[in-house]
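Overview (structure and organization)
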Amino acid sequence: MGEIVYYTRAVRKNCLTQDSISRRDSRRSLSPQAGSQFRLHRRGIHGKMRLFVSEGAPGSLPVLAAAERAQGRAELLISTVGPEDCVVPFLTWPKLPVLQLDSGNYLFSTSAICRYFFLLSGWEQDDLTNQWLEWEATELQPALSAALYYLVVQGKKGEDILGPVRRALTHIDHSLSRQSCPFLAGETESLADIVLWGALYPLLQDPAYLPEELGALHSWFQTLSSQEPCQRAAETVLKQQGILALRPYLQKRPQPSSLEKRAVSNEPEEEELATLSEEDIAVAVTAWEKGLGSLPPLRPKQNPVLPVAGERNVLITSALPYVNNVPHLGNIIGCVLSADVFARYSRLRQWNTLYLCGTDEYGTATETKAMEEGLTPQEICDKYHVIHADIYRWFNISFDIFGRTTTPQQTEITQDIFQRLWNRGFVLQDTVEQLRCERCARFLADRFVEGVCPFCGYEEARGDQCDKCGKLINAIELKKPQCKVCRSRPVVKSSRHLFLDLPKLEDQLEGWLGKTLPGSDWTPNARFIIRSWLRDGLKPRCITRDLKWGTPVPLKGFEDKVFYVWFDATFGYLSITANYTDQWERWWKNPEQVNLYQFMAKDNVPFHGLVFPCSALGAEDNYTLVSHLIATEYLNYEDGKFSKSRGVGVFGDMAQETGIPADIWRFYLLYIRPEGQDSAFSWTDMLLKNNSELLNNLGNFINRAGMFVSKFFGGYVPEMMLTSDDQRLLAHVTLELQHYHQLLEKVRIRDALRSILTISRHGNQYIQVNEPWKRIKGSEADRQRAGTVTGLAVNIAALLSIMLQPYMPTVSATIAAQLQLPPPACSILPTDFLCTLPAGHQIGTVSPLFQKLENDQIESLRQRFGGGQLEESLELKAKASPKPAVVETVTAAGSQQIQVLMDEMTKQGNIVRELKAQKADKNQVAAEVAKLLELKKQLALAEGKPLDTPKGKKKK
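Every value quoted in this text rests on a predicted model; they were computed, and no experiment measured them. All residue numbers here refer to positions counted from 1 along the written sequence of the relevant chain. Given that this is a predicted model, residues contribute local features only at a pLDDT of at least 70 and side-chain atom pairs are listed and counted only at 80 or more, while totals for whole chains, interfaces and linings are drawn from all residues. Only hydrogens and water are removed before side-chain values are computed, so all heavy atoms of the structure are retained for them.

Moving on: the overall build of the protein chain. Each helix is a run of H or I in the DSSP string that is no shorter than four residues. Each strand is a run of E no shorter than two, and both are numbered from the N terminus. Scanning the protein chain from terminus to terminus reveals 36 helices and 20 strands. Relative to its 956 residues, the protein chain shows a buried fraction of 56%. In the protein chain, once contacts between residues fewer than 6 apart in sequence are set aside, the share between residues at least 24 apart is 77%. To be clear on the numbers: accessible area is Shrake-Rupley with a 1.4 Å probe, and residue cover counts the displayed protein chains and nothing else. Total accessible area computed for the protein chain in this model is approximately 42,100 Å², and 50% of it derives from carbon and sulfur atoms. When a residue's accessible area, from a 1.4 Å probe over protein chains only, is under 20% of the maximum for its type it is buried; when over 50% it is exposed; and in between it is partly exposed. Whether two residues are in contact is decided by their heavy atoms: any pair within 4.5 Å suffices.

Ring pairs shown here join Phe, Tyr and Trp side chains whose ring centres sit within 6.5 Å, with only the six-membered ring taken for Trp; geometry is labelled stacked below 30 degrees between planes, edge-to-face above 60, and tilted in between. Per the counting criterion, the structure on display carries 34 aromatic pairs. For the ring pair Phe-342 and Phe-599, a centre distance of 6.1 Å and an interplane angle of 40° mean the geometry is tilted. Of this pair, Phe-342 sits in helix H13 (residues 329-348) while Phe-599 sits in strand S17 (residues 594-601), and the two are 257 residues apart along the sequence. By the burial criterion, Phe-342 is buried, and Phe-599 matches it. For the pair Phe-563 and Phe-567, a centre-to-centre distance of 5.3 Å together with 40° between the ring planes defines the contact as tilted. Take Phe-563 and Phe-567: they sit in the same class, and that class is buried. Through a chain of ring-to-ring contacts, the aromatic side chains of Phe-342, Tyr-345, Trp-351, Tyr-597, Phe-599 and Tyr-740 assemble into a single cluster.

For this document, the term salt bridge refers to a Lys or Arg side-chain nitrogen within 4 Å of an Asp or Glu carboxyl oxygen. Per the stated rule, a full pass over the model turns up 37 salt bridges. With its nearest N and O atoms 3.1 Å apart, the salt bridge here joins Asp-400 to Arg-347. In this pair, Asp-400 sits in the loop between helix H15 (377-394) and strand S7 (401-404) while Arg-347 sits in helix H13, placing the two residues 53 residues apart along the sequence. Residue Arg-347 is classed as partly exposed on the basis of its relative accessible area of 25%. Two residues, Lys-602 and Asp-678, come together in a salt bridge whose shortest N-O distance is 3.9 Å. Taken as a pair, Lys-602 in the loop between S17 and helix H22 (605-619) and Asp-678 in the loop between helix H24 (662-671) and strand S20 (679-681) lie far apart in primary sequence, 76 residues in all. A cluster of three or more residues bridged by salt bridges with shared partners is formed by Arg-420, Glu-585, Lys-589 and Asp-621.

Throughout, nonpolar core names a set of buried Ala, Val, Leu, Ile, Met, Phe, Trp, Tyr and Cys residues whose side chains join them through atoms within 4.5 Å. Core analysis: the biggest nonpolar cluster contains 187 residues, and Trp-665, Trp-683, Tyr-740 and Tyr-807 have the highest contact counts within it. Looking at this core, the element that brings in the most residues is helix H29 (residues 780-804), giving 13 residues. Residues lining this core come from more than one domain, with at least three contributed by each of domain 2 (298-444 + 490-632) and domain 3 (695-842). Setting aside residues no more than four positions away along its own chain, Trp-683 makes contact with Tyr-637, Glu-638, Val-650, Ile-660, Trp-665, Ile-858, Leu-861, Arg-862 and Phe-865. Met-49, Phe-117, Leu-169 and Ala-216 belong to the second largest nonpolar core, which has 74 residues in total. Note: domain ranges come from an automatic or database domain assignment.

Below, the discussion takes up the sheet that holds strand S14 (residues 541-542). Read from one edge to the other, the open sheet built from four strands follows the order S9-S8-S13-S14, with strand pairing classed as antiparallel. The sheet is open, and its two borders are formed by strand S9 (442-443) and S14, each paired with just one other strand. Here a strand pair is declared whenever DSSP counts at least two bridges between the two strands. Judged from the two bridges that link them, strand S8 (residues 427-437) and S9 form a sheet pairing that is antiparallel. Residue pairing in the sheet places Arg-436 in a bridge with Phe-443 of S9.

A few words on H22. Expected span, for any helix, means 1.5 Å times one less than how many residues it has. In a regular helix each residue adds 1.5 Å, so 15 residues correspond to 21 Å; H22 covers 21 Å between its end C-alpha atoms and thus fits that length. Consider a residue and the seven residues that end there alongside the seven that start there; fitting an axis to each set, the bend is the angle between those axes. Of all the bends in H22, the greatest, near 25°, is centred on Val-611, and the proline Pro-613 appears no more than four residues after it. For H22, the tally of buried residues reaches 15 of 15 residues, placing the bulk of the element in the interior.

Once that is clear, we can look at unusual backbone geometry. Each neighbour pair has its own omega, and for Asn-303 with Pro-304 the value is 0°, a cis peptide bond. Mapping Pro-304 onto the fold places it in the loop between helix H12 (278-290) and strand S5 (313-318). Positive phi is not limited to glycine here, since Asn-396 has a value of about 65°. Locating Asn-396 in the fold gives a position in the loop between H15 and S7. Owing to a relative accessible area of 28%, Asn-396 belongs among the partly exposed residues under this scheme.

Spatially, three strands are ordered S11-S10-S12 in an open sheet, and the strand pairing comes out antiparallel. In this open sheet, the two edge strands, each paired with only one partner strand, are strand S11 (461-462) and strand S12 (479-483). Relative to S11, strand S10 (residues 449-452) is paired through two bridges, and the arrangement is antiparallel. Pairing of Gly-451 across the sheet is with Ala-461, part of S11.

A word on the side chain of His-608. For His-608, the position within the fold is in helix H22. Note on His-608: relative accessible area 5%, which makes it buried. There is a polar contact of 3.0 Å between the side chain of His-608 and the backbone oxygen of Asn-604. Non-local contacts of His-608, meaning those with residues more than four positions away in its chain, are made with Thr-570, Tyr-573, Gln-598, Met-600, Pro-613, Val-626 and Leu-629. Counting of polar contacts relies on pairs of N or O atoms within 3.5 Å, with two restrictions inside protein: one atom must be capable of donating a hydrogen and the other of accepting it, and residues adjacent in sequence are counted only when both atoms are side-chain atoms.

Before going further, it helps to spend a moment on the side chain of Ser-398. Tracing the chain through its elements places Ser-398 in the loop between H15 and S7. Look at Ser-398 and you get buried, because its relative accessible area is 16%. Among the polar contacts listed, one links the side chain of Ser-398 to the side chain of Arg-347, at a separation of 2.8 Å. Sequence-distant contacts of Ser-398, defined by excluding residues within four places in its chain, comprise Asp-340, Arg-344, Arg-347 and Tyr-355.

It is worth spelling out the environment of Gly-550 at this point. Following the sequence through the fold, Gly-550 ends up in the loop between strand S15 (544-545) and strand S16 (562-563). Spatially, the C-alpha atoms of Gly-550 and Thr-366 are 9.8 Å apart, while their sequence positions differ by 184 residues. Gly-550 has contacts with Tyr-362 and Val-562, leaving out every residue within four places of it along the chain.

Our focus in this paragraph is the packing of helix H26 (residues 724-745) against helix H27 (residues 749-770). Contact geometry for H26 and H27: axes closest at 8 Å, N-to-C directions at 170°. Here H27 runs roughly antiparallel to H26, going by the angle between their axes. Contact residues: H26 offers Asp-726, Leu-729, Val-733, Glu-736, Leu-737, His-739, Tyr-740, Leu-743 and Leu-744, while H27 offers Ile-749, Asp-751, Ala-752, Ser-755, Ile-756, Thr-758, Ile-759, His-762 and Tyr-766. For this classification, Asp, Glu, Lys and Arg are treated as charged, while Ala, Val, Leu, Ile, Met, Phe, Trp, Tyr, Cys and Pro are nonpolar and the rest, including Gly, are polar. Tallied by class, the residues present in the contact of H26 with H27 amount to 11 nonpolar, four polar and three charged. Axis angles are defined between N-to-C directions and span 0 to 180 degrees, where every axis is a line fitted to C-alpha atoms and, for a helix, only to the segment in contact. Under this scheme an angle from 65 to 115 degrees is roughly perpendicular, one under 35 degrees roughly parallel, and one over 145 degrees roughly antiparallel; angles in between are oblique.

All right, on to the confidence of the model for the protein chain then. Counting all residues, the mean pLDDT for the protein chain is 83, and 84% of those residues have values of 70 or more. pLDDT gives the predictor's per-residue confidence on a scale running from 0 to 100. Within the model, pLDDT remains below 50 along residues 1-47, and this stretch shows 106 contacts once partners closer than five positions in the same chain are excluded.

A few words now on the state of the cysteines. Criterion for a disulfide: a pair of cysteine sulfur atoms at a distance within 2.5 Å. This model, assessed by the stated rule, comprises zero disulfides. Between Cys-357, a free cysteine, and Cys-335, which holds the nearest cysteine sulfur, the sulfur-to-sulfur gap is 6.2 Å. Accessibility expressed as a relative area gives 0% for Cys-357, which makes it buried.

This paragraph deals with the pairing of strand S13 (residues 491-500). The side chains of a regular strand alternate between both faces of the sheet. When S8 meets S13, the two strands line up antiparallel, connected through 10 bridges. Bridged to Leu-435 within S13 is Val-492. Here S13 runs beside S14; their pairing, made up of two bridges, is antiparallel. Across the sheet, residue Phe-499 finds its bridge partner in S14, namely Cys-542.

Pasting the structure below:
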């Protein structure tokens with residue numbers, strides 16, 4: 001596989017004439033930019049190389065993607081031919097793709113063609129890439145060919161398709177997970193990545209065939225699929241027909257040989273057995289026998305927590321939530337819950353860890369909320385800070401500090417960084433045209449202007465950023481702008497402001513990123529967002545606003561202005577730490593000893609990965625910058641978005657009212673954590689995951705293991721005489737535990753959770769196969785076997801309790817109490833599976849950990865949080881309030897909320913009118929009319945008006 005073989009043209013008649021090639025040619029440029037060396041060619045003009053591909057031929061995908069590597073190195077003509085055209089003159093059967101070299105020689109192996117293009121680009125061969133290519137040819141291709149044939153030609157689905165390839169997909173996923181690089185052979189995309197991507201793309205483009213538990217594979221596949229060369233290759237070969245484009249090609253291929261024998265080894269236990277060596281087993285047994293004595297001593301607790309020279313010092317932040325918003329489930333998983341899992345894991349690893357967060361309290365959003373509620377901005381901050389703190393306390397978020405930004409330390413630190421930037425020439429002055437609402441008599445903060453995005457046309461873009469395309473916007477660029485408070489159209493007025501000179505800082509930023517990104521755990525979406533900003537070129541960014549509620553600007557002539565919240569909010573991490581300890585600089589001006597992990601949703605990436613680093617680099621004060629930027633995608637609610645105004649979705653203050661424990665919420669949110677793409681909260685799925693994964697899998701195993709100790713052995717762990725099968729189980733559990741560590745060290749939080757469930761499934765299977773409840777009634781040997789199985793099972797339960805601690809801390813503590821785990825076993829997570837409960841250890845009382853969620857319970861919650869709670873609350877207000885109190889009802893509903901309902905009603909009315917004009921199906925029209933009537937009803941309730949009774953019906 002490591003060599004390119006050149007085949008010399010034979011002297012014989014070509015199976016495909018030049019004219020027929022010309023008629024079939026679909027000549028296209030892979031890179032249409034002016035001046036490209038990848039030129040279009042017309043008939044009669046021959047390039048140095050000619051690539052023959054066929055629409056619907058899977059092998060054409062990687063060669064087209066790889067062909068761009070040759071850009072500027074050689075001239076290439078691409079010809080699209082039919083799948084049965086014989087391009088290579090000395091072959092008696094059609095073979096595509098084919099690369100004809102300028103020497104007249106042919107390459108007709110997909111990997112050889114790709115290799116040739118990579119070599120042209122200056123790529124150097126390496127052993128790891130060669131190993132992947134050999135594996136792709138001998139292992140992946142046979143399985144993949146069968147899967148594609150079954151899917152496309154025979155019309156099979158589901159496990160019939162996944163079965164042949166599951167082992168190969170898992171192999172790729174584990175390989176990616178166990179290395180510190182995002183690609184198969186290193187930090188950058190290689191030949192192996194392109195060849196495997198091209199092979200897998202026809203199948204994995206359908207998410208149904210990319211198992212969600214294979215997170216590393218998913219991230220790798222999405223990263224490559226989003227690249228322009230790969231996208232163009234897919235468009236060329238599949239022609240927007242998806243997998244069906246392959247049917248004409250595959251129908252002409254011979255049916256793959258039966259994979260029945262191979263399918264046997266696709267069972268999980270078979271695959272895992274194949275990965276174990278005698279050395280793996282021996283190492284696992286040795287570690288097991290050492291027990292708790294091999295654990296390191298517990299770190300002494302510090303107060304305050306400060307960096308320690310020579311130790312791993314981990315500083316963790318969650319994006320600061322706006323104080324005036326109640327966080328919904330998406331906000332919680334996007335920053336605080338994800339960060340909490342990693343903070344708890346860090347402490348279990350005995351890393352010196354400080355985890356902080358707080359409320360972001362300055363800005364117009366706070367002023368407006370205060371105006372709505374008749375309070376001062378400070379009173380609003382005091383009120384909602386408590387609400388946030390209570391919500392996170394209920395979710396068991398283990399902050400070392402939960403602070404706020406309205407402090408003297410925030411002012412001092414922000415003004416110091418500004419002065420340093422100003423003194424070094426990184427701040428500009430300019431006159432700004434900005435939007436002012438004459439009705440509200442105020443300049444409008446960007447987030448309080450809405451309009452049409454000038455880039456993508458999204459109709460609800462904010463004045464600072466479009467949620468759809470992600471681009472930053474100056475508010476005056478919005479089309480059809482509206483004041484979000486009163487819905488009037490603002491006017492443009494001029495004001496003098498200060499700007500951070502980002503272009504002047506761009507080189508420093510590029511240098512820092514060049515040192516930071518290689519080997520770091522920045523998520524792929526964070527890397528992509530920052531690269532996109534840099535590709536477009538940085539522009540000066542305004543850092544002041546005409547407001548009163550904010551950090552004052554310490555510059556003559558700007559005394560009536562405050563700093564724009566996006567500039568100084570990230571300094572809140574520093575000021576919150578400064579409120580925690582006066583030695584805060586040991587964390588924040590100590591990049592040599594501190595590893596900074598920052599957690600957020602993807603919309604916060606530009607501020608943490610670009611603006612704050614630019615400010616800190618420009619200040620030249622040795623600030624600690626982010627080492628690992630962890631960004632999630634978005635979590636949606638059922639089939640839509642969370643909306644407090646419409647009563648859609650579960651918000652933090654509502655979750656505790658459902659009767660579902662906090663740990664169940666934590667588990668499900670982490671199980672569906674939007675790591676590689678947006679995900680959605682689903683009540684039905686939550687019920688299924690609780691009842692299957694928690695109740696039937698995890699809870700069932702831990703309860704059975706403990707109950708066997710109590711029932712059969714009087715509450716004392718029995719003697720264990722390990723057989724070779726038991727020793728192999730030790731090794732399996734050890735490997736899964738190590739995989740869990742590898743994933744969490746790379747902050748692959750969702751995938752690591754699946755390792756816990758996998759170990760639990762091993763445990764259930766182990767108990768089921770060995771049947772200790774039967775053996776305990778048998779011979780002495782059977783009773784001894786029952787004791788060994790029970791002892792090993794309860795030790796697996798003990799391991800699961802500590803592995804669960806970052807995810808479900810209350811459940812973890814409950815298991816630890818039931819099994820009476822020794823204190824070291826509750827505080828340190830080992831890298832090997834140890835015997836923590838030796839023979840003779842007495843356990844406590846065992847009871848079930850989880851309760852079943854019932855369908856009617858979940859359906860009731862779905863109704864309640866699908867908009868029902870808003871309607872219900874407004875109905876109660878309308879009924880309970882006497883007529884003179886109508887004004888209070890309207891005020892409680894809020895003008896903003898009423899306007900939202902009016903906008904929704906207008907949109908729905910347009911939908912109804914369009915359907916009627918198109919003479920659409922009556923049932924479809926009726927359904928949309930029903931939605932319109934429901935909106936009218938909600939609006940009437942919000943305005944405190946009596947409900948109109950439909951004509952022809954009696955009022956109930």
